[in-house]
Amino acid sequence: MTQAAILKPPAGGYLQPGYGLAGNQRSDAVSVALWLFMGVATALFLLFLAAYVMRMDANDWSPLAMPWQLWLSTSMLVLSSVLLHFSAVAARELQVKRTRTLLTAAGVCGFAFLCVQWWGWQVLMNMHVTASGNPAASFFYLLTAMHGLHVAGGLVAWGLTANTAWRPDRHRLAWRVRLCARYWHFLLAVWVVLFAALGWLTPELVRLVCGTR
């Protein structure tokens with residue numbers, strides 16, 4: 001009787017992250033896996049940034065002016081992250097309709113981010129700024145492409161989460177939205193660092209900070 005009571009999902013609590021020992025173990029495992037993935041991705045981006053900083057000291061380095069579209073894409077990513085945060089809060093409070101609305105809006109902003117990033121690429125290409133020739137441009141395309149791929153992966157996870165919100169059995173929705181929001185906050189943090197490095201980091205500043213000037 002006690003075991004049956006433990007395994008039975010709480011009444012009206014279909015938004016809980018799972019019930020029973022197996023469900024909790026799976027939730028914990030996926031959460032840890034996400035933290036590990038974000039740790040590996042952070043190390044990868046840090047390595048690219050280190051290479052970017054070291055390459056700036058070369059004589060063929062020519063600073064690249066950031067297209068204004070990157071400000072628009074940044075605002076889209078910020079808005080998407082904020083919407084996912086409030087979506088996770090709504091899911092935890094069992095507000096299904098509000099969760100769906102916020103989750104949908106967050107996904108739209110995520111897609112908009114990638115579209116505006118591509119727009120920025122097109123602007124630079126129309127100005128004959130290509131990945132070959134200027135190492136600053138090469139790193140710009142590399143870093144933004146790498147981040148864009150991670151955003152695309154996040155949109156896949158968002159799609160799976162959104163699908164859960166419209167399924168009859170939604171007892172794991174709050175857990176899924178929380179993980180999706182966590183990853184989206186990570187994407188925003190990475191992009192802020194990348195945007196700052198691409199837009200404001202200069203060889204003179206690097207030499208001044210490193211004491212080589």
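The sections below set out a description of the structure shown in this document. Along each chain, residues carry numbers from 1 onward, in the same order as the chain's sequence is written. With pLDDT at 70 or above as the cut-off, local features in this predicted model cover only qualifying residues; side-chain atom pairs require 80 or more to be listed or tallied, and sums for whole chains, interfaces and linings still use all residues. Side-chain numbers come from the whole structure's heavy atoms, not from hydrogens or water.

### Things to note about unusual backbone geometry
Phase 1: Despite not being glycine, L94 shows a phi value in the positive range, around 65°.
Phase 2: One can find L94 in the loop between α3 (69-92) and α4 (96-126).
Phase 3: The phi angle at H128 is positive, at roughly 65°, despite the residue not being glycine.
Phase 4: Along the chain, H128 turns up in the loop between α4 and α5 (135-165). Numbering of helices and strands runs from the N terminus; a helix is a DSSP stretch of H or I covering at least four residues, while a strand is a stretch of E covering at least two.

### Regarding the environment of L124
Phase 1: Relative to the helices and strands, L124 is located in helix α4.
Phase 2: It is 9.7 Å that separates the C-alpha atoms of L124 and L64, two residues lying 60 residues apart in sequence.
Phase 3: In this structure, L124 is in contact with L64, A65, P67, V129, F140 and Y141, ignoring residues within four places of it in sequence. Throughout, a contact is declared for two residues whenever any of their heavy atoms are within 4.5 Å.

### A word on the packing of α4 against helix α6 (residues 173-200)
Phase 1: Two elements in contact, α4 and α6, have axes whose closest approach is 12 Å; the angle formed by their N-to-C orientations is 30°. Taken together, the axis directions place α4 and α6 in an arrangement best described as roughly parallel. Between α4 and α6 lies a crossing of left-handed hand. On α6, the residues that touch T99, L103, G110, F113 and Q117 of α4 are L173, V177, W184 and W191. Inter-axis angles, ranging from 0 to 180 degrees, are taken between N-to-C directions of lines fitted to C-alpha atoms, where helices are fitted over the stretch in contact. In this scheme, roughly parallel covers angles under 35 degrees and roughly antiparallel covers those over 145, while 65 to 115 is roughly perpendicular and the rest are oblique. By convention, the crossing between two helices is left-handed when the near helix turns anticlockwise from the far helix through less than a right angle, and right-handed when the turn is clockwise.

### Section: a nonpolar patch on the surface
Phase 1: Patches were defined on residues exceeding 30% relative accessible area and lacking a salt bridge, with like-charge contacts within 9 Å and nonpolar side-chain contacts (Val, Leu, Ile, Met, Phe, Trp, Tyr) within 5 Å. The method behind every accessible area is Shrake-Rupley, applied with a 1.4 Å probe, and residues are considered shielded solely by the protein chains displayed. Salt bridge, as used here: a side-chain nitrogen of Lys or Arg that lies within 4 Å of a carboxyl oxygen of Asp or Glu. On the surface, W68, W71, L72, W119 and W200 cluster together into a nonpolar patch covering about 610 Å² of accessible area.
Phase 2: Inspection of the secondary structure puts W71 in helix α3.

### Things to note about α4
Phase 1: The first and last C-alpha atoms of α4 sit 45 Å apart over 31 residues, in line with the 45 Å expected at 1.5 Å per residue.
Phase 2: Looking at the residues trailing α4, positive phi occurs at H128, about 65°. In a helix, the anticipated span is given by 1.5 Å times the number of residues less one.

### Quick look at the nonpolar core
Phase 1: Put simply, a nonpolar core is a bunch of buried Ala, Val, Leu, Ile, Met, Phe, Trp, Tyr and Cys residues held in one set by side-chain atoms that sit within 4.5 Å of each other. For every residue, the accessible area obtained with a 1.4 Å probe (protein chains only) is divided by the maximum for its type, and the residue is called buried under 20%, exposed over 50%, and partly exposed between those limits. In terms of nonpolar packing, the biggest core is built from 53 residues, with Y52, F140 and W184 touching the most fellow members.
Phase 2: No other element matches the 17 residues that α6 contributes to this core.

### Side note on α5
Phase 1: If you check α5, its first and last C-alpha atoms are 45 Å apart, about what 31 residues at 1.5 Å a residue would give, namely 45 Å.
Phase 2: Any pair of nitrogen or oxygen atoms within 3.5 Å is treated as a polar contact; in protein, a donor-acceptor pairing is required on top of that, and neighbouring residues in sequence qualify only through side-chain atoms on both sides. The N-capping residue of α5, defined by a side-chain oxygen 3.1 Å from the backbone nitrogen of A136, is N134.

### A word on the side chain of H150
Phase 1: For H150, the position within the fold is in helix α5.
Phase 2: Only 2.8 Å separates the side chain of H150 from the backbone oxygen of M146, close enough to count as a polar contact.
Phase 3: Not counting chain neighbours up to four residues away, the residues in contact with H150 comprise F37, A41, F45, Y183 and L187.

### Remarks on the packing of aromatic side chains
Phase 1: Side-chain rings of Phe, Tyr and Trp (the six-membered ring for Trp) are treated as a pair once their centres are within 6.5 Å; stacked means planes under 30 degrees apart, edge-to-face means over 60, and tilted covers the remaining angles. Scanning all chains against the criterion turns up 15 aromatic pairs.
Phase 2: For the pair F113 and W191, a centre-to-centre distance of 5.8 Å together with 80° between the ring planes defines the contact as edge-to-face. Here F113 is found in helix α4, whereas its partner W191 is found in helix α6, with 78 residues between them in sequence. Each member of the pair, F113 as well as W191, carries the same accessibility label: buried.
Phase 3: Taken together, a centroid distance of 5.5 Å and an interplanar angle of 75° make the contact between F140 and Y141 edge-to-face.
Phase 4: Judged by relative accessible area, which is 0%, F140 ranks as buried.
Phase 5: Members of the aromatic cluster, each reached through a chain of ring pairs, are W71, F113, W191, F195 and W200.

### A few points about the packing of α4 against α5
Phase 1: For the pair α4 and α5, interaxial distance at closest approach is 10 Å and the crossing angle is 160°. Our classification of the angle between α4 and α5 gives roughly antiparallel. The element α4 and its partner α5 pack so that their crossing is left-handed.

### Observations concerning the side chain of T99
Phase 1: Positionally, T99 belongs in helix α4.
Phase 2: Engagement of the side chain of T99 in a polar contact is seen with the backbone oxygen of Q95, the distance being 2.7 Å.
Phase 3: Beyond its immediate stretch of four places on either side in the chain, T99 contacts S87, A90, A91, L173 and V177.

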